[in-house]
Amino acid sequence: MSHQEDLLEQYRDNLLGVFGDPSLVLVSGEGCHVTDANGTRYLDLLAGIAVNALGHAHPAWVRAVSEQAGRLAHISNLFTSPGSIELARRLTEVTGAPEGSHVFFANSGSEANEAAFKLARSHGRAHPDAHGRPRERVIALEHAFHGRTMGSLALTAKEAYRAPFEPLPGGVTHVPATAEALDAALDDTVAAVFVEPVQGEAGVRGLPEGFLARARELTRERGVLLVVDEVQSGMGRTGAWLAATAQLPAGEFPDAVTLAKGLGGGFPVGALLTAGPEVSQLLTAGQHGTTFGGNPLAAAAGLATLETIEAEGLLAGARTVGEHLAVRLRAVPGVVEVRQHGLLLGVDLSQQHADDAVAPRLVAAARSAGFIVNATGPATVRLAPPLIITTAEVDTFADALPGLLEQCRSA
């Protein structure tokens, strides 16, 4: 039994099986590569599912977190720290949030969406319907994924995730991503609309052109909050600080934005950004909180990530390297479609029959060849590499892909 197999056996003996059996035990990383317990090295084209924006062990990130750990790591929400204040200020600055915007720090994307759900409830009570009753309904989109906690799961559309835990918090309606469907659903009982500008778990699918702009118009007309979930698509992943920026007219902004994943560069950090003074007053003292959110260590990680993305020009890099990779992948026989949003890509593969689970087979074949990728469906592979990745590095995967697909077809 190898060292890795022994560790995986210990995993099964000691950890809940909610993730199934892990395929690898990873012990170290550097740049865009990770190494497993047997010493095998892999090109990481997933980055912890869009988390490790700076790759692994980036010197600036390691230095910031190490120095902060040596000074002050945690202080509870009874106090604050300079880093937390500065990270909130920088977030409102880089995202272009309107004056009077504020930030609540959490530990994950699910927690950020839980806070946004409570924000919606508070808005619904502050702005009742025509009969004086609180607006209690929330609209989310078909194919949406907003998290696994009970509130964020209620916002999530996938029945397989929802069914084992029902009844979920009520009042959520899922509609198609069309302006007509949204218009029809937006009566005066609705408090908020939740939207992902790129639906990552659904296979990296962008919204129809013009949908988000129209959603902004409709929600403003009807006094409804527009909440944009940028947990996976934000923090430079699509080549901009927010993916919504490219989908909204100049000067427009959502009422709230949720962030996580790439924000901490590998450290657990989530955030709810509330736009402007009115929305920022909906949650008041004692109505929400968290023990760990935005502590000094988390703030140091977030600030180092933002500063490095700016200093190394990684927004432009995400666009150029992502476009290069998409061009290479579209030329591979067996690739049906590539949806590219910066360095977030969904790759559809040809199937031999309707039930052909080619994507999971490709994930396994790629891993054996030294690449880490992810399947979001039977025929769809997701790529979300570190923002520091180079064209030479992504080319190694593009070069290997024809042979890997041939292995999958003959399996």
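Everything discussed here concerns the structure shown above.
Here's a quick rundown of the structure. (Residues numbered from 1 in each chain as written. Predicted model: local features only at pLDDT ≥ 70, side-chain atom pairs only at ≥ 80, totals over all residues. Heavy atoms only, no water.)

## Brief notes about the sheet that holds strand β13 (residues 335-341)
In space, the four strands of this open sheet follow the order β13-β14-β17-β16, with antiparallel pairing throughout. The open sheet has two edge strands, β13 and β16 (374-377), and neither has a second partner. Each neighbouring strand pair of the sheet contributes to a mean axis angle of 25 degrees, computed without reference to strand direction. Of the strands in this sheet, β13, β14 (344-349) and β17 (380-383) are in contact with helix α12 (residues 314-330), which crosses β13 at around 175 degrees. (Pairing = 2+ DSSP bridges. Helix = DSSP H or I, 4+ residues; strand = E, 2+ residues; numbered from the N terminus. Axes fitted to C-alpha atoms, helices over the stretch in contact; angles between N-to-C directions. Contact = heavy atoms within 4.5 Å.)

## Looking at helix α14 (residues 391-410)
Between its first and last C-alpha atoms α14 spans 29 Å; for 20 residues at 1.5 Å apiece the expected length is 28 Å, and the two agree. At L401, α14 shows its strongest bend, of approximately 40 degrees, with the proline P402 following within four residues. For α14, every residue scored as buried is listed here: V394, D395, F397, A398, L401, L404, L405 and C408. In the core, the buried residues of α14 are packed alongside α12, β13, β14, α13 (358-368), β15 (371-372) and β17. (Expected span 1.5 Å × (residues − 1). Bend = angle between axes of the 7 residues up to and from the residue. Buried < 20%, exposed > 50% of the residue type's maximum accessible area, 1.4 Å probe, protein only.)

## Topic: the environment of E312
Mapped onto the secondary structure, E312 falls in the loop between α11 (296-311) and α12. Here the alpha-carbon distance between E312 and I139, two residues 173 residues apart in the chain, equals 38 Å. Sequence-distant contacts of E312, defined by excluding residues within four places in its chain, comprise H58 and I388. Within the local environment of E312, its side chain forms a polar contact with the side chain of H58, the two groups lying 2.8 Å apart. (Polar contact = N/O pair within 3.5 Å; in protein donor to acceptor, adjacent residues only side chain to side chain.)

## Some words on the layout of surface pockets
A volume near 480 Å³ is recorded for the second largest pocket. Taken together, 24 residues line the second largest pocket, and the ones lying closest to its centre are F79, T80, S84, F105 and G293. Contributing elements (two or more residues each) for the lining of the second largest pocket: α4 (82-95) and β4 (102-106). Element by element, the count of residues in the lining of the second largest pocket is highest for α4, at five residues. When the residues that make up the lining of the second largest pocket are grouped by side-chain class, the tally is eight nonpolar, 15 polar and one charged. (1 Å grid on protein atoms, 1.4 Å probe; cavity = no way out; pocket = protein on both sides within 12 Å on 5 of 7 lines; lining within 4 Å. Points joined across faces, edges and corners; volume = space filled by probe spheres on them. Nonpolar A, V, L, I, M, F, W, Y, C, P; charged D, E, K, R; others polar.)

## As for the packing of helix α3 (residues 59-69) against α11
Two elements in contact, α3 and α11, have axes separated by 9 Å at closest approach and are oriented at 155 degrees. Comparing their axes, α11 and α3 come out roughly antiparallel. You can see that α3 and α11 cross each other, and the crossing is right-handed. Note on element contacts: α11 touches α3 through P296, L297, A300, A301, A304, T305 and T308, opposite A60, W61, A64, V65, Q68 and A69. In terms of residue class, the contact of α3 with α11 is built from ten nonpolar, three polar and no charged. (Parallel < 35°, antiparallel > 145°, perpendicular 65-115°, else oblique. Left-handed = near helix turned anticlockwise from the far one by under 90°.)

## Looking at the pairing of β13
Pairing geometry for β13 and β14, over six bridges, is antiparallel. If you follow Q340 over to β14, its bridge partner there is L345. Where β13 folds back onto β14 in an antiparallel hairpin, the turn is made up of two residues, including G342, whose phi is positive at roughly 60 degrees.

## Details of the nonpolar core
General note: in soluble globular proteins, nonpolar side chains tend to be found buried as a group. Counting residues in each nonpolar core, the largest one holds 66 residues, and the members touching the most others are L91, L329, L383 and F397. At eight residues, α11 tops the list of elements feeding residues into this core. Ignoring anything within four residues of it in the chain, the contact list for F397 reads L45, L329, F371, V373, L383 and L404. (Core = buried A, V, L, I, M, F, W, Y, C linked by side-chain atoms within 4.5 Å.)

## Some remarks on the sheet that holds strand β6 (residues 172-175)
The strand order β4-β12-β11-β10-β7-β5-β6 describes an open sheet built from seven strands, whose pairing is mixed. The open sheet has two edge strands with one neighbour each: β4 and β6. Across this sheet, the average inter-strand angle for adjacent strands is 20 degrees, counted without regard to direction. In this structure, strand β5 (residues 137-141) lies alongside strand β7 (residues 190-195), joined through three bridges in parallel fashion. The residue bridging I139 from the neighbouring strand is V193, located in β7. Sheet contacts for α4: β4, β11 (256-259) and β12 (270-274); angle to β4, the most-contacted strand, approximately 120 degrees. Contacting β4, β5, β6, β7, β10 (225-229), β11 and β12, helix α5 (residues 109-126) crosses the sheet at an angle of about 155 degrees to β7.

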